[in-house]
Amino acid sequence: MNKLQNNKAWLFVLPVFALVAFNAIIPLMTVVNYSVQETFGNNEFFWAGVIWFQDILQSERFHASLGRQAIFTASILAIEMPLGVAIALTMPRKGPWVSVCLVLMALPLLIPWNVVGAMWNIFALPDIGFLGHMLNAIGFDFNFTRQPGDAWFTLILMDVWHWTSLVVLLAYAGLSSIPDAYYQAAKIDGAGSWAIFRYIQLPKLSRVLTIAFLLRFMDSFMIYTEPFVLTGGGPGNSTTLLSIDLVKIALGQFDLGPAAAMSLIYFLIILLLSWVFYTVMTRNEEQ
Amino acid sequence: MGLSWMAWTWPTAAFFIFIACCLGTMTMLELRNPGGAPRDGVLGLTTTRGDRLFIWLLGSAFIFLAWLGLVSTLLWAPLAIAIVYGVLVFRYV
């Protein structure tokens, strides 16, 4: 049977295209233009070629930021994914506690990002914050404003607190969609808890976990507000992630050329990862 | 209001004209042969011609970045590599 092709439907896309042109394509073009020039303000530009790209790609500072970003993303994924699944497994599937658990889990996701950063900043202060004060009271020398290890600990703890709920909710939705017949069959076969998890729940969760993984990866790779409010990238540069470094170069130093080049490199990394993840997701769906 | 705030240069304008030409060509091909000509390539992916263009452009960007980061700012060699890469992508991916 011949499939009918009606390309007139593309006309309906034109308004969206116009909107995207103004809020994405034109700014992107401007960034590309800035990335090959130098400016000292007053709307005057001087050709610089691809030197900013080379500077950024060869700079220790960029490598360090990218490394910190990779470590941060890998750390939170390694914690949030298994923790989210574990919490979802312990949540009730029926009864009045379901709603309570779901609301409690959703609460951190409803808090604005800058508020999360401010909350944890106060919470972890060594003198007046509950977390900082308690850790010092039990013998730890904790001060996230001075010690890089403590800053990383607080940063990761904050992200885990804020975003594990997303994994929990997605995993819970996946678990809820498994028919009872699977569990009944497993019971007849005498399967234990581990066997049920390994051979029934985990395979059935694979699609939602892929989505959760991708969402958390992309969000954490672009994270800015929470670490900026919590630590400002410090102490020193120890928690300066890529986005914070970019803003420092663009607004702090007003180096628009290097900042534009770094923006494009950052954008290309995210674009590549997005494509890889999209491909993985759609392949999984096809299989 | 002019476009001076966008800081246009001829090389960047040429780059965007090239991208626009690629998209225009894809649109023309789609109108003449609808469906995107999907096929299974060497990567085990089902790709349309639009996917292949995207893979080529994105891969080429990383070829240029790798050259800039590791070798020099002379870009004729990565341009040649990107063209060869493009031929391979449109032929086999």
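Residues numbered from 1 in each chain as written. Chains lettered and ligands numbered in written order. Predicted model: local features only at pLDDT ≥ 70, side-chain atom pairs only at ≥ 80, totals over all residues. Heavy atoms only, no water.

Asker: Got a minute to help me understand the overall build of chain B in this structure?
Answerer: Scanning chain B from terminus to terminus reveals 3 helices and 2 strands. When the helices and strands of chain B are listed from N to C terminus, the series reads α-β-β-α-α. For 93 residues, the compact-globule estimate of 2.2 N^0.38 gives 12 Å, and the C-alpha radius of gyration of chain B, at 16 Å, exceeds that figure by more than 25%. The principal-axis extent of the C-alpha atoms belonging to chain B is close to 45 × 40 × 15 Å. By the burial criterion, 32% of the 93 residues in chain B qualify as buried. Pairs at least 24 apart in sequence give 48% of the contacts found in chain B among residues at least 6 apart. (Helix = DSSP H or I, 4+ residues; strand = E, 2+ residues; numbered from the N terminus. Rg over C-alpha atoms; globule rule 2.2 N^0.38 Å. Buried < 20%, exposed > 50% of the residue type's maximum accessible area, 1.4 Å probe, protein only. Contact = heavy atoms within 4.5 Å.)

Asker: Mind showing me how you'd approach the pattern of salt bridges here?
Answerer: Here the idea is simple: oppositely charged side chains can pair when their charged atoms come close. Per the stated rule, a full pass over the model turns up 5 salt bridges over all chains. Across the salt bridge formed by D159 of chain A and R216 of chain A, the nearest N and O atoms sit 2.8 Å from each other. With a gap of 57 residues between them, D159 of chain A in helix 7 (residues 148-176) and R216 of chain A in helix 9 (residues 193-221) connect regions that are remote in the sequence. You can call D159 of chain A buried: its relative accessible area is 1%. R216 of chain A gets classed as buried once you look at its relative accessible area, which sits at 1%. For R49 of chain B, the salt bridge goes to E30 of chain B, with nearest N and O atoms at 3.0 Å. Residue R49 of chain B is found in helix 2 (residues 49-70), and its partner E30 of chain B is found in helix 1 (residues 10-32); the two are separated by 19 residues along the sequence. Under the relative-accessibility criterion, R49 of chain B is labelled buried at 10%. (Salt bridge = Lys/Arg side-chain N within 4 Å of Asp/Glu carboxyl O.)

Asker: Can you walk me through the interface of chain B and chain A in this structure?
Answerer: Size of an interface, as often reported, equals the accessible area lost when the parts are brought together. In this assembly, 26 residues from chain B lie in contact with 26 residues from chain A. Buried area between chain B and chain A, both sides added, is near 2400 Å², and the carbon and sulfur share of it is 75%. Our enumeration of links across chain B and chain A arrives at 0 salt bridges. Considering every element that reaches the side of chain B that touches chain A, the biggest residue donor is helix 2 of chain B, with 8 residues. For the side of chain B that touches chain A, the class distribution of residues is 18 nonpolar, 8 polar and no charged. (Buried area = accessible area lost by both parts, 1.4 Å probe. Nonpolar A, V, L, I, M, F, W, Y, C, P; charged D, E, K, R; others polar.)

Asker: What's the story with helix 1 (residues 14-35) of chain A in this structure? I'm lost.
Answerer: Given 3.6 residues to a turn, an α-helix orients residues that are three or four positions apart in the same direction. All names here are of chain A. Compared with the 32 Å implied by 1.5 Å per residue over 22 residues, the 29 Å span of helix 1 between its first and last C-alpha is a close match. At A21, helix 1 shows its maximal kink, close to 50 degrees. Taken together, the buried positions of helix 1 are occupied by A21, M29, T30, V32, N33, Y34 and S35. (Expected span 1.5 Å × (residues − 1). Bend = angle between axes of the 7 residues up to and from the residue.)

Asker: What exactly am I supposed to notice about the packing of aromatic side chains here?
Answerer: What characterises a pair of aromatic rings is the spacing of the ring centres plus the angle enclosed by the ring planes. All chains considered together, the criterion is met by 20 aromatic pairs over all chains. A centroid spacing of 6.2 Å and a plane angle of 80 degrees characterise the contact between F18 of chain B and W56 of chain B, whose relative ring orientation is edge-to-face. A residue pair is termed long-range when its members are at least 10 positions apart, and F18 of chain B in helix 1 and W56 of chain B in helix 2 qualify at 38 residues. Taking the relative accessible area as the measure of exposure, F18 of chain B reaches 39% and is therefore partly exposed. On the accessibility criterion, W56 of chain B (17% relative accessible area) is buried. When the ring centre of Y199 of chain A is taken as origin, the NZ or CZ atom of R198 of chain A, which lies over that ring, is 5.0 Å away. (Phe/Tyr/Trp six-rings, centres within 6.5 Å; stacked < 30°, edge-to-face > 60°. Lys NZ or Arg CZ within 6 Å of the ring centre and 35° of its normal.)

Asker: Quick question: what am I supposed to make of the nonpolar core here?
Answerer: In globular proteins that are soluble, nonpolar side chains generally tend to be buried together. Ranked by size, the top nonpolar core spans 73 residues in total, and within it F53, F72, F217, F221, M262 and I265 of chain A carry the most contacts. What F217 of chain A contacts, discounting residues up to four positions off in sequence, is T73, L77, L273 and F277 of chain A. Judged by nonpolar contacts, the second largest core, of 7 residues, contains C22, I55, W56 and V89 of chain B. (Core = buried A, V, L, I, M, F, W, Y, C linked by side-chain atoms within 4.5 Å.)

Asker: So what exactly am I meant to see when it comes to helix 4 (residues 97-110) of chain A here?
Answerer: In this model, helix 4 of chain A (14 residues) spans 20 Å end to end at C-alpha, consistent with the 20 Å of a helix rising 1.5 Å per residue. Its buried side turned inward, helix 4 of chain A meets helix 3 (60-90) and helix 7 of chain A.

Asker: Looking at this model, I keep getting lost on a nonpolar patch on the surface. Mind explaining?
Answerer: All names here are of chain A. A grouping of W10, L11, V13, L14, V16, F17, V20 and I25 is seen on the molecular surface, where their side chains present a nonpolar patch of about 780 Å² in accessible area. Mapped onto the elements of the fold, I25 is located in helix 1. Here I25 falls in the partly exposed class, since its relative accessible area comes to 31%. (Patch = residues over 30% accessible without salt bridge, like charges linked within 9 Å, V, L, I, M, F, W, Y side chains within 5 Å. Areas by Shrake-Rupley, 256 points an atom, 1.4 Å probe, with all protein chains shown as cover.)

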